[in-house]
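Chain by chain, the residues run as shown.
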Amino acid sequence: MKTISRFVCIILLISIFTIHTPLALASDKAIRGHLDSISGDSISGWIWDSQSPDTSLTVTVTVTNTATGETAAVQSVQADEYRDDLMTKGIGDGSHGFHAVIRWDTLPEAAYSVSISSNGIPLPGTLLHTTGDTKLVSLGSFKTTAYCPCYRCSEGWGRNTSSGALAAAGHTVAVDPRVIPIGSHLLINGVEYIAEDTGGAVKGNHIDIYFNSHTETLQHGTRRAEVFLIQR
Ligand SMILES: [Zn+2]
């Protein structure tokens, strides 16, 4: 009996996944959008559901403090502004642009990343913005890899870094100090890190990002990213 009910359960689970997964993916893929620009307090872009081409969607603009990872501001607006360029590109009837207003002067001085989502579905693309005297200077394109405290990754150093600081995830990176001075604050993919470690294999335009587990380092693998120096 147990075997039969298990078998029925498995069949049910398989049918739930096969019925629902493609639909979920299809509706996610149907939503397209872009975060275009930040001009003063105005953030603009467009968002559109190709499966419901004449409906305007609500877009949520999220502003994240890159130093703390905390959400600094959230604003939901209707994407129903007409734009000639959207009409020309075949984005429905063209009425899918949006403007959100973020009062930057009400936020603490920092570097921020701005992203958009619709119904909890994040859309690709992030814009960066700084307030006050904070400046971002692009250092160009870097190879990024990942390491963890395991013996193999850290060569026996564990969480100890060459600068003396204890490595922390979402915070520590290893750099080539001839390219990036130790102590520099860096912005990589919207996250602020501090250059506080070095490594024998980290040379030139290469940054090794610290993670807590080896699984996460494997997920990261080798990537490329534009790296910004945060100046305050
Ligand atoms: Zn490891």
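Report follows, based on the coordinates. (Residues numbered from 1 in each chain as written. Predicted model: local features only at pLDDT ≥ 70, side-chain atom pairs only at ≥ 80, totals over all residues. Heavy atoms only, no water.)

1. Considerations on the coordination of the zinc ion
Then, in step 1: At this site the zinc ion is bound by C148 (SG), C150 (SG), C153 (SG) and H214 (ND1), with donor distances of 2.0 to 2.4 Å.
Then, in step 2: Considering all 4 donor atoms around the zinc ion, angles at the metal cover 101 to 123° and the coordination shape is tetrahedral.
Then, in step 3: Written as a sequence motif, the donor arrangement for the zinc ion is C-x1-C-x2-C-x60-H. Here C150 is found in the loop between β10 (135-147) and α3 (151-154), whereas its partner H214 is found in helix α4 (residues 214-220), with 64 residues between them in sequence.
Then, in step 4: Residue classification places C150 among the partly exposed positions, given a relative accessible area of 26%. (Donors = N, O, S within 2.8 Å, 3.2 Å for Na, K, Ca; no water. Tetrahedral: all angles 85-135°; square planar, octahedral: opposite > 155°, others 65-115°. Helix = DSSP H or I, 4+ residues; strand = E, 2+ residues; numbered from the N terminus. Buried < 20%, exposed > 50% of the residue type's maximum accessible area, 1.4 Å probe, protein only.)

2. Structural notes on the pairing of strand β6 (residues 95-101)
Then, in step 1: In this structure, strand β2 (residues 42-49) lies alongside β6, joined through 5 bridges in antiparallel fashion. Of the residues in β6, the one forming a bridge with W46 is G97. (Pairing = 2+ DSSP bridges.)

3. A closer look at unusual backbone geometry
Then, in step 1: The backbone of N119 shows a phi angle near 50°, a positive value even though the residue is not glycine.
Then, in step 2: Position of N119 relative to the elements: it lies in the loop between β7 (111-118) and β8 (121-122).
Then, in step 3: For N119, a relative accessible area of 74% gives the class exposed.
Then, in step 4: Even without being a glycine, N189 presents a positive backbone phi close to 50°.
Then, in step 5: Using a relative accessible area of 64% as the deciding quantity, one classes N189 as exposed.

4. Observations regarding the side chain of T60
Then, in step 1: Within the secondary structure layout, T60 lies in strand β3 (residues 58-65).
Then, in step 2: At 3.0 Å, the side chain of T60 and the side chain of S76 are in polar contact.
Then, in step 3: T60 has contacts with V74, Q75, S76, S115, I116 and S117, leaving out every residue within four places of it along the chain. (Polar contact = N/O pair within 3.5 Å; in protein donor to acceptor, adjacent residues only side chain to side chain. Contact = heavy atoms within 4.5 Å.)

5. Let's talk about the sheet that holds strand β11 (residues 172-174)
Then, in step 1: Taken together, 6 strands build a closed barrel; the order of strands is β10-β14-β11-β13-β12-β15 and the barrel is mixed. For this sheet, the mean inter-axis angle between neighbouring strands, taken without regard to orientation, is 50°. (Axes fitted to C-alpha atoms, helices over the stretch in contact; angles between N-to-C directions.)

6. Some details on the nonpolar core
Then, in step 1: Residues I47, V63, F98 and W104 are the most contacted members of the largest nonpolar core, which totals 21 residues.
Then, in step 2: Look past the residues within four positions of W104 in its chain and what remains in contact with it is I38, G40, D41, I43, V63, Y112, V114, H129 and T131.
Then, in step 3: Membership of the second largest hydrophobic core comes to 14 residues, among which are V173, Y193, A225 and V227. (Core = buried A, V, L, I, M, F, W, Y, C linked by side-chain atoms within 4.5 Å.)

7. A closer look at the environment of P108
Then, in step 1: Assignment of secondary structure puts P108 in the loop between β6 and β7.
Then, in step 2: For P108, a relative accessible area of 52% corresponds to the exposed category.

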